[in-house]
Amino acid sequence: MTVALCALGMMAQGENSPYLKHVYEYVPAPGQFVNTMPAYEEGDDAEAMCRKVEEQIADNARGLITLGGWGGYLVFGFDHPVVNVPGQNDFIVEGNAFYSNAAQGAAGGGSCEPGIVMVSVDANGNGKPDDEWYELAGSEYTNPLTKHGYSVTYERPAADHVATPDPQQKYRIDTTFVHWQDNRGEDGYLVQISFHRQAYYPEWIEADRLTFDGARLQDNYAYINNQYVLYPPAYGYADNHPDTCRLAQLNIELAVREDGTPVHLNAIDFVKVYTALHQQCGMIGETSTEVKGARDLHPEAMPTELDEVQTSSVTCRKTIRDGQLLIIRDKQIYNPLGYIITKLN
Ligand SMILES: [Ca+2]
Ligand SMILES: [Ca+2]
Ligand SMILES: [Ca+2]
């Protein structure tokens, strides 16, 4: 996507699609639905899998893809920047969360598999998500039980791997299936369950180890009447509340820098979602965030103020003035064709 193409999309007022348009990256952590949602076929590479994910979830197709276990992620964008409207939620990442009648005590439990959402501005104007990421600080951001700076490395099972079935619980067909090690000195295995017998490690990834970084939320399950019930954090996550619930909506105003300081973004170009839980729940397996699509809640909104020029790493930003897309770089404002409009002080 070039600056000129961005400009066309931006200036075609009334034609912004509310729906997720492009998938830039898909790297699930190992999980029970990996290689099936979407389906891996021999010969598929990362780009092919990306296109399969896009087919499932772009343009309101409403398929469903898995991010696998903790850390597995997806990066996507729309056909226009999503504006941060002051005082309003701005977009939603749709999933398959639901509340269950089995929930007791606290309301709203069911299948709530929160994914942490990050946003980014195409600050260098190259149309690629290679810029600074900002986490949307959901309700658990300041929870002392949230592990920030967390990291997990998963290992592909060796070619000569021999399964270790659980003699007591027959559905646990391999209790040493995918080894994981975190950066807090803990390790363990993703268990293969009989309902999902395919490889759990993403087949198209050549590396035999996959490391993910991010924040890990505290386990959210309760075991009630022989059922696992997963309770949702209050707000600020994907695949956490049912899509029809207002608490599933996301506000760009929650964005924070890596050091936790809030940052005001007038609009965002890219969204990253990753599975925030690292837990396994018996017969329903490891918890994984799923994504069905994403929607801009106000696709016609225009930022009202000029972006501030950042003096640190960000030297190039897009902004809207009088309905026209402009580029700010090195304290000068350019139109999309590269002509200098004005200089900033
Ligand atoms: Ca907002
Ligand atoms: Ca970029
Ligand atoms: Ca889910």
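Not measured: the values here are computed from a predicted model.

Undergrad: What exactly am I supposed to notice about the coordination of the calcium ion (ligand 1) here?
TA: In a perfect tetrahedron of four donors around a metal, the angles come out at 109.5 degrees. In a perfect octahedron of six, they are 90 or 180 degrees. Distances from the calcium ion (ligand 1) to its protein donors, Asn84 (OD1), Val85 (O), Gln88 (O), Asp90 (OD), Asp90 (OD) and Asn251 (OD1), fall within 2.3 to 2.9 Å. Sequence spacing among the residues donating to the calcium ion (ligand 1) works out to N-V-x2-Q-x1-D-x160-N. Of this pair, aspartate 90 sits in the loop between β3 (73-83) and β4 (91-94) while asparagine 251 sits in the loop between β15 (249-250) and β16 (255-256); the two residues are 161 residues apart in sequence, bridging distant segments of the chain. Accessibility expressed as a relative area gives 0% for aspartate 90, which makes it buried.

Undergrad: Sorry if this is basic, but what is going on with the pairing of β4 here?
TA: Because side chains alternate across β4, one face comprises the buried residues Phe91 and Val93, and the other comprises Ile92 and Glu94, equally buried. Where β4 meets β15, two bridges bridge the pair, whose relative direction is antiparallel. When the bridges of β15 are listed, phenylalanine 91 appears paired with leucine 250. Sheet analysis places β4 next to strand β19 (residues 293-296), joined by four bridges and oriented antiparallel. Residue pairing across strands places glutamate 94 opposite glycine 293, the latter belonging to β19.

Undergrad: Before we go on, may I ask you to explain the sheet that holds strand β9 (residues 147-155) in this structure?
TA: Backbone hydrogen bonds hold the strands of a sheet together, and the pairing may be parallel or antiparallel. Strands sit in the order β11-β10-β9-β12 across an open sheet of four strands; the sheet is antiparallel. If you trace the sheet from one side to the other, it starts and ends with β11 (187-193) and β12 (209-216), each paired once. Adjacent strand axes in the sheet meet at a mean angle of 35° when their direction is disregarded.

Undergrad: Looking at this model, I keep getting lost on the packing of aromatic side chains. Mind explaining?
TA: For any pair of aromatic rings, geometry is given as the distance between the ring centres together with the angle between the planes. Counted according to the given criterion, the structure contains twelve aromatic pairs. An aromatic cluster of at least three residues, connected via ring pairs, comprises Tyr26, Tyr40 and Trp204. Across from the ring centre of tyrosine 73, 4.4 Å away, lies the NZ or CZ of lysine 272, which sits over that ring.

Undergrad: Please clarify how the nonpolar core should be interpreted in this entry.
TA: Counting 62 residues, the largest nonpolar core has Leu74, Phe76, Phe91, Tyr154 and Leu265 as the members making the most contacts within it. Ranked by residues supplied to this core, first place goes to β3 with six residues. Residues contacting phenylalanine 76, with those up to four places away along its chain left out, are Leu20, His22, Val23, Tyr24, Val93, Asp269, Phe270, Val271, Val273 and Ala294. Residues Ala102, Ile224, Val229 and Tyr231 belong to the second largest nonpolar core, which totals five residues.

Undergrad: Sorry if this is basic, but what is going on with the pattern of salt bridges here?
TA: A pair can form between side chains of opposite charge whenever their charged atoms are brought close. Using the criterion set out here, one finds twelve salt bridges in the structure. Put simply, glutamate 132 and arginine 257 hold a salt bridge, and the shortest N to O gap is 3.9 Å. Of this pair, glutamate 132 sits in the loop between β7 (115-120) and β8 (133-136) while arginine 257 sits in the loop between β16 and β17 (267-275); the two residues are 125 residues apart in sequence, bridging distant segments of the chain. For the salt bridge of arginine 172 with aspartate 166, the shortest nitrogen-to-oxygen distance reads 2.8 Å. Residue aspartate 166 is classed as buried on the basis of its relative accessible area, which comes to 13%.

How each quantity is defined
- Per chain, residues are indexed from 1 in the order of the written sequence.
- Each chain is given a letter, starting from A, and each ligand a number, starting from 1, according to the order in which they appear as written.
- This being a predicted model, a pLDDT of at least 70 is required before a residue's local features are given, and a value of 80 or more before pairs of side-chain atoms are given or counted; all residues contribute to the totals for chains, interfaces and linings.
- Water and hydrogen atoms were dropped before computing side-chain values, which therefore reflect all heavy atoms in the structure.
- For Na, K and Ca the donor cutoff is 3.2 Å, while for all other metals N, O and S atoms must lie within 2.8 Å; water is not among the atoms, so some sites may look incomplete.
- For helices the rule is a DSSP run of H or I covering at least 4 residues; for strands it is a run of E covering at least 2, with both sets numbered from the N terminus onward.
- Burial here depends on accessible area, computed with a 1.4 Å probe over protein chains only, as a share of the maximum for the residue type. Under 20% is buried, over 50% is exposed, and the range in between is partly exposed.
- Strand pairing follows a simple DSSP-based rule, namely that at least 2 bridges must link the two strands.
- Where helices are involved, their axes are fitted lines through C-alpha atoms of the stretch in contact, as for all axes, and angles between N-to-C directions lie from 0 to 180°.
- Whether two aromatic rings pair depends on their centres lying within 6.5 Å, for rings of Phe, Tyr and Trp, where Trp uses its six-membered ring; planes under 30 degrees apart make the pair stacked, over 60 edge-to-face, and the rest tilted.
- We call a charge positioned over a ring when the NZ of a Lys or the CZ of an Arg lies within 6 Å of the ring centre and within 35 degrees of the ring normal.
- Among buried residues, the Ala, Val, Leu, Ile, Met, Phe, Trp, Tyr and Cys ones that are joined through side-chain atoms within 4.5 Å form a nonpolar core.
- We call two residues in contact whenever any of their non-hydrogen atoms come within 4.5 Å of each other.
- Any Lys or Arg side-chain nitrogen found within 4 Å of a carboxyl oxygen on Asp or Glu counts as a salt bridge.

Without other data, these values stay purely geometric and don't point to any function.
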